[in-house]
Every structure is written in structure tokens, then in C-alpha cells.
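Chain by chain, the residues run as shown.
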Amino acid sequence: MNNLSVSVQTEDFDAACLQRELLSASHEEGAVVAFTGYVRSENIGQCVNNLLLEHYPGMTERSILAILSQAAERWPIVAASVVHRVGPLGVGDQIVWVGVSSEHREVAFSACEFVMDYLKNEAPFWKKESTAKGDRWVEARATDAERARRWSG
């Protein structure tokens with residue numbers, strides 16, 4: 001049975017601790033792959049001062065759990081977890097952590113990348129960047145949608 005978990009939170013997270021939590025008592029996993037995303041200092045040619053992430057409570061968690069469930073249907077994963085922060089964040093702050101454990105590395109790499117690609121396109125988050133030219137909402141990128149399309153088919 002797959003162990004899937006989602007947390008949407010304002011607090012920072014400990015990536016090493018989250019990775020340890022993916023390991024089962026049975027030690028059936030041979031690989032853990034994790035991705036951590038950070039607030040960049042530049043986006044679309046402008047310096048970013050800070051970022052505000054908004055979400056729709058309840059809907060966001062269900063959406064992310066659905067993405068993890070899709071990954072578990074596609075690959076034989078042992079466990080998968082997503083932690084996503086919301087609220088005000090500064091440059092260099094952690095935003096998102098995705099971790100997947102499985103018996104084999106190929107599965108863990110593919111499932112982790114799948115989850116991250118779908119998070120960028122399907123999870124209901126809204127990002128507002130503060131720049132020297134003022135605040136702006138971050139629009140979805142065509143390259144992110146293109147990356148997610150490679151998984152369908």
C-alpha cells in the first residue's frame with residue numbers, strides 16, 4: 001500500500017527530516033528522490049524582492065493528493081510526499097518539497113519529476129512577486145505545460 005502525504009503550510013520545513021519520513025520500517029525502498037524548490041532572486045528579467053503564495057484551503061490539498069495518487073497508479077512507489085508553503089516568502093526561502101521512495105531509482109526519479117511537473121500546472125496556487133517595478137501576478141509558463149504533456153500518452 002502506498003503512503004501519500006500532503007502538507008500546505010506557512011512554516012518552513014526540514015528537507016532531511018522529510019526524506020527520512022519517507023522510509024518505511026520494512027526497508028523495502030532502494031531509492032529516495034527529492035526535489036526542493038526555492039524563491040529565486042530573478043524572474044522574467046526582473047529582480048524579485050519577495051513572493052506571496054496564495055491558495056484555496058482544502059481544494060489545494062485535494063488537488064495535490066490527486067497528483068500523488070496518479071503517480072502511485074503509474075509507478076510502484078512505496079511512499080510520496082509534498083510539502084508546499086504559502087504566505088509571504090523571501091528570496092532564498094524554500095517553497096516546495098517533493099519526495100518519492102521506491103524499490104528502484106528509475107521509478108523514484110520518474111515519479112518525483114511527474115509530481116513536480118503536475119504541481120506546476122494543476123495545483124491551485126497563485127503567486128505574486130514584488131519587484132522594483134511593482135507587484136505582479138506570476139502567469140503559468142508554456143514550458144511548464146509542455147513538460148507535463150510529455151506524461152500523457
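Residues numbered from 1 in each chain as written. Predicted model: local features only at pLDDT ≥ 70, side-chain atom pairs only at ≥ 80, totals over all residues. Heavy atoms only, no water.

Structural notes on the packing of aromatic side chains
Taken as a whole, this structure holds four aromatic pairs when the rule is applied. Ring centres of Phe114 and Trp151 lie 5.7 Å apart, and the angle between their planes is 85 degrees; on these two criteria the pair is classed as edge-to-face. With Phe114 in helix 3 (residues 105-122) and Trp151 in the segment after helix 4 (142-149), this pair connects stretches of sequence that are 37 residues apart. Through a chain of ring-to-ring contacts, the aromatic side chains of Trp75, Phe114, Tyr118 and Trp151 assemble into a single cluster. (Phe/Tyr/Trp six-rings, centres within 6.5 Å; stacked < 30°, edge-to-face > 60°. Helix = DSSP H or I, 4+ residues; strand = E, 2+ residues; numbered from the N terminus.)

Looking at the sheet that holds strand 2 (residues 31-38)
Sheet architecture is open: four strands sit in the order 1-5-7-2, paired in mixed fashion. A strand with exactly one partner marks an edge of an open sheet, and here the two such strands are strand 1 (3-9) and strand 2. Going across the sheet, the axis of each strand differs from the next one's by a mean of 5 degrees, ignoring polarity. Where strand 1 meets strand 5 (residues 77-85), seven bridges bridge the pair, whose relative direction is parallel. Opposite Val8, over in strand 5, you have His84 as the bridge partner. Sitting on the sheet, helix 2 (residues 59-74) touches strand 1 and strand 5, and the angle it makes with strand 1 is about 150 degrees. Its contacts with the sheet put helix 3 on strand 2, strand 5 and strand 7 (94-102), and the angle it makes with strand 7 is roughly 145 degrees. (Pairing = 2+ DSSP bridges. Axes fitted to C-alpha atoms, helices over the stretch in contact; angles between N-to-C directions. Contact = heavy atoms within 4.5 Å.)

Quick word on the environment of Tyr56
Here Tyr56 is to be found in the loop between strand 4 (46-55) and helix 2. A sequence separation of 67 residues divides Tyr56 from Ala123, and the C-alpha atoms of the two residues are 9.8 Å apart.

Digging into the pairing of strand 9 (residues 134-137)
Relative to strand 9, strand 8 (residues 125-131) is paired through four bridges, and the arrangement is antiparallel. Looking at the pairing, Thr131 lines up with Gly134 of strand 9. Connecting the antiparallel pair strand 8 and strand 9 is a turn made up of two residues.

A few points about the pattern of salt bridges
If charged atoms from side chains of opposite charge come close, those side chains can pair. On inspection of all chains with the given rule, the structure shows seven salt bridges. Among the salt bridges present, the one from Asp144 reaches Lys120, with a minimum N-O distance of 3.8 Å. With a gap of 24 residues between them, Asp144 in helix 4 and Lys120 in helix 3 connect regions that are remote in the sequence. Exposure remark for Asp144: the relative accessible area of 17% places this residue in the buried category. (Salt bridge = Lys/Arg side-chain N within 4 Å of Asp/Glu carboxyl O. Buried < 20%, exposed > 50% of the residue type's maximum accessible area, 1.4 Å probe, protein only.)

Quick notes on the nonpolar core
Counting residues in each nonpolar core, the largest one holds 34 residues, and the members touching the most others are Trp75, Ile77, Val82, Val98, Val115 and Leu119. At the level of elements, strand 2, strand 4, helix 2, strand 5, strand 7 and helix 3 are the ones that each hand at least two residues to this core. Top element by residues in this core is helix 3. It accounts for nine residues. When near neighbours in sequence (up to four residues on either side) are disregarded, Leu119 contacts Ile64, Ile67, Val82, Val96 and Val98. Formed by six residues, the second largest nonpolar core is a distinct cluster that contains Phe13, Leu18, Leu22 and Val83. (Core = buried A, V, L, I, M, F, W, Y, C linked by side-chain atoms within 4.5 Å.)

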